Amino acid sequence: MFLVWSCTRPFASLVFLLISLSGMAMLPGTNPIMIFLWVVLTLFVYWTYFVYLPTVYTGPEHWWLQNVGSLDVEWDPRRFSRALQDSGNVVSSQAKGASQGLYQATAAAAASPEAKTPERRAQTRYI
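Colleague: Tell me about the nonpolar core, and please be specific about residues and values.
Modeller: One finds Trp5, Ala12, Val15, Phe16, Ile19, Trp38, Tyr49, Phe50, Leu53 and Leu65 forming the largest nonpolar core, which totals 10 residues. For this core, the secondary structure elements donating two or more residues are α2 (10-26) and α3 (32-56).

This is the structure in structure tokens:
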């Protein structure tokens, strides 16, 4: 999670980095008491930063606090399938737009006067 959120949520990613580094230091010891202590401490840090503090401190001056958002599970299969279909349509339209832009750029490069020279045609033939 640290790498995923490091670009968009730097302070939240540091919380995840702290959790992961403490786990890497604590868990190889195989002491069940220390593992249980780490789990309790990790849940406390997670709850404090992502749940408690954003409800206590609100406003633009507390920009470093970032809420995880709603963690509700959708049980209606129609809404779930509609969400999957919408996300598929978005990805498909973006992929089509990207491929059309690439095709237009390639066509424009091929139609340029520079591409009509014999040297350029010889280069593009082998690419």
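Here the narrative resumes, following the displayed structure.
Colleague: Summarise the packing of aromatic side chains; cite the residues concerned and give the values.
Modeller: Inspection of the entire model under this criterion finds five aromatic pairs. Aromatic pair Tyr46 and Phe50: ring centres 5.0 Å apart, planes at 45 degrees, arrangement tilted. Here Tyr46 pairs with Phe50, and both are found in helix α3, just four residues apart, close to one helical turn. Overall, Phe50 belongs to the buried group, its relative accessible area being 1%. Summarising the aromatic geometry, the rings of Trp47 and Tyr52 are spaced 5.4 Å apart at their centres and angled 20 degrees between planes, so their arrangement reads as stacked. Note on Trp47: relative accessible area 43%, which makes it partly exposed. Through a chain of ring-to-ring contacts, the aromatic side chains of Phe16, Tyr46, Tyr49 and Phe50 assemble into a single cluster.

Colleague: Hey, could you go over the pattern of salt bridges for me, with residue numbers and the actual values?
Modeller: Counted by the stated rule, this structure contains one salt bridge. Note that Asp76 and Arg78 form a salt bridge whose closest N and O atoms lie 3.5 Å from each other. Look at Arg78 and you get exposed, because its relative accessible area is 61%.

Here is what the cut-offs are and how they apply
Residues numbered from 1 in each chain as written. Predicted model: local features only at pLDDT ≥ 70, side-chain atom pairs only at ≥ 80, totals over all residues. Heavy atoms only, no water. Core = buried A, V, L, I, M, F, W, Y, C linked by side-chain atoms within 4.5 Å. Buried < 20%, exposed > 50% of the residue type's maximum accessible area, 1.4 Å probe, protein only. Helix = DSSP H or I, 4+ residues; strand = E, 2+ residues; numbered from the N terminus. Phe/Tyr/Trp six-rings, centres within 6.5 Å; stacked < 30°, edge-to-face > 60°. Salt bridge = Lys/Arg side-chain N within 4 Å of Asp/Glu carboxyl O.

So, to be careful, I would describe these as geometric facts and stop short of saying anything about function.
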